Amino acid sequence: MFKSVFAKYITAFIMIITVSFCMILSIIVSLVNSYSANIQEELVKSTSRSAEAYLELRYEQSAFKSFNDFVRDDREDVIDIMTSVSANSEGISVMLSDKDGSILVHSLDNETQIFQRKVALPAEMQAKLLLGEEAQFMGTVSDLFDTPHFCYATPILDENGEFCGSVIASASGMSLVLLLDKMIKTITVSSIWVMEDTMMV
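Our subject in this report is the structure included herewith.

About the criteria used
- Residues numbered from 1 in each chain as written.
- Predicted model: local features only at pLDDT ≥ 70, side-chain atom pairs only at ≥ 80, totals over all residues.
- Heavy atoms only, no water.
- 1 Å grid on protein atoms, 1.4 Å probe; cavity = no way out; pocket = protein on both sides within 12 Å on 5 of 7 lines; lining within 4 Å.
- Points joined across faces, edges and corners; volume = space filled by probe spheres on them.
- Nonpolar A, V, L, I, M, F, W, Y, C, P; charged D, E, K, R; others polar.
- Pairing = 2+ DSSP bridges.
- Helix = DSSP H or I, 4+ residues; strand = E, 2+ residues; numbered from the N terminus.
- Axes fitted to C-alpha atoms, helices over the stretch in contact; angles between N-to-C directions.
- Phe/Tyr/Trp six-rings, centres within 6.5 Å; stacked < 30°, edge-to-face > 60°.
- Buried < 20%, exposed > 50% of the residue type's maximum accessible area, 1.4 Å probe, protein only.
- Salt bridge = Lys/Arg side-chain N within 4 Å of Asp/Glu carboxyl O.
- Arc of directions from axis to C-beta.
- Contact = heavy atoms within 4.5 Å.
- Lys, Arg positive; Asp, Glu negative; His and termini not counted.
- Polar contact = N/O pair within 3.5 Å; in protein donor to acceptor, adjacent residues only side chain to side chain.
- Expected span 1.5 Å × (residues − 1).

### Considerations on the layout of surface pockets
It is the rolling of a water-molecule-sized probe over the atoms that shows where space remains empty.
Then comes step 1: The calculated volume of the largest pocket comes to roughly 150 Å³.
Then comes step 2: Lining the largest pocket, in full, are Tyr59, Glu60, Ser62, Ala63, Phe64, Lys65, Asp158, Glu159 and Asn160.
Then comes step 3: Of the residues assigned to the lining of the largest pocket, the class counts are three nonpolar, two polar and four charged.

Structure (structure tokens):
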């Protein structure tokens, strides 16, 4: 009888510990997910705004009347700016689009390429940019990416304040998924180890 009561107490104790660890795990995962997403979002926004500031200034200083002409004929400077910004923002790609929402240049880490095929921005993002407003979007951007990316676009204005293009920075959410996966596995293993140690005692 004594053993039966003792076994019930041990079982109840283990269940309490298990439930407690599950609650702690869910709280930690929720907090880390929210914090990481906010940090990543701010990095993407600052990258977009930095590239836009450099490109807009360079465009204003040039003699080009058309933004597309500026990108085409001043290609080396544009590529240098895009490469420099993306190189300082690890894991964040930077894109440059024209007034119509067609992506002209794409840069990731230290590689920058001129687009040869037409890739358009999502309609809802382009609509805000045409109004001179910043816009954000979650998706693959016309299948440019294999997985959904968080994208943030900043409009580029000419000397008259007219919209002429935009800079779009984007980052994949996969890094957050991998981080959370590793955290869950670590906490789970730790919980099992603590419970086994408790049972042995």
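### Looking at the sheet that holds strand 4 (residues 135-139)
Then comes step 1: The sheet built from six strands is open, its strands ordered 3-2-1-6-5-4 with antiparallel pairing. Pairing within the sheet leaves two strands with one partner each, and these edge strands are strand 3 (111-114) and strand 4. Neighbouring strand axes in the sheet, compared pairwise and without regard to direction, differ in orientation by 20° on average.
Then comes step 2: Looking at chain direction, strand 2 (residues 103-108) and strand 3 are connected through four bridges and run antiparallel.

### Some remarks on the packing of aromatic side chains
Then comes step 1: The full count for this structure, using the stated rule, is four aromatic pairs.
Then comes step 2: Between Tyr59 and Phe67 the ring centres are 5.4 Å apart and the planes differ by 85°, which places this aromatic pair in the edge-to-face class. Summarising the burial analysis for this pair, Tyr59 and Phe67 share the class buried.
Then comes step 3: Residues Tyr59 and Phe70 carry aromatic rings whose centres are separated by 5.3 Å and whose planes lie at 45° to one another, so their mutual orientation is tilted. Taken as a pair, Tyr59 in helix 1 (residues 2-61) and Phe70 in helix 2 (residues 67-73) lie far apart in primary sequence, 11 residues in all.
Then comes step 4: Look at Tyr59 and you get buried, because its relative accessible area is 6%.

### Thoughts on the pattern of salt bridges
Then comes step 1: According to the stated counting rule, one finds six salt bridges in the structure shown.
Then comes step 2: A salt bridge links Asp73 to Arg72; its shortest N-O distance comes to 3.4 Å.
Then comes step 3: Judged by its relative accessible area of 48%, Asp73 falls in the partly exposed class.
Then comes step 4: Look at Arg72 and you get partly exposed, because its relative accessible area is 46%.
Then comes step 5: Through salt bridges with shared partners, a single ionic network connects Arg58, Asp74 and Asp77.

### Structural notes on helix 4 (residues 123-130)
Quick reminder: α-helices carry 3.6 residues per turn. Residues three or four places apart thus point the same way.
Then comes step 1: Regarding helix 4, the residues found buried are Met125, Gln126 and Leu129. Angular distribution of buried residues about the axis of helix 4 spans 95°; they occupy a single face of the element.
Then comes step 2: Looking at the buried residues of helix 4, the elements they touch are strand 4, strand 5 (149-157) and strand 6 (163-172).
Then comes step 3: Gly132 lies just past helix 4 and shows a positive phi near 80°.

### Here we look at the side chain of Asp158
Then comes step 1: Structurally, Asp158 is set in the loop between strand 5 and strand 6.
Then comes step 2: For Asp158, which is buried and forms no salt bridge, the nearest opposite charge comes from Lys99, at a distance of 7.3 Å.
Then comes step 3: Of the polar contacts made by the side chain of Asp158, one reaches the backbone nitrogen of Asn160; its length is 2.9 Å.
Then comes step 4: In this structure the side chain of Asp158 is engaged in a polar contact, spanning 2.7 Å, whose partner is the backbone nitrogen of Glu162.
Then comes step 5: For Asp158, the contacting residues outside a window of four places in its chain are Tyr59, Glu60 and Cys164.

### Some words on helix 3 (residues 75-87)
Then comes step 1: The end-to-end C-alpha distance of helix 3 is 18 Å, a good match for the 18 Å that 13 residues give at a rise of 1.5 Å each.
Then comes step 2: Looking only at helix 3, the buried set comprises Val78, Ile81, Met82, Thr83, Val85 and Ser86.

### Here's the deal with the environment of Val105
Then comes step 1: You can see Val105 is positioned in strand 2.
Then comes step 2: As a C-alpha pair, Val105 and Arg75 span 30 residues in sequence and 9.6 Å in three-dimensional space.
Then comes step 3: Excluding anything up to four places from it in sequence, Val105 contacts Val71, Val78, Met82, Val94, Met95, Leu96, Thr112, Gln113, Ile114 and Phe115.

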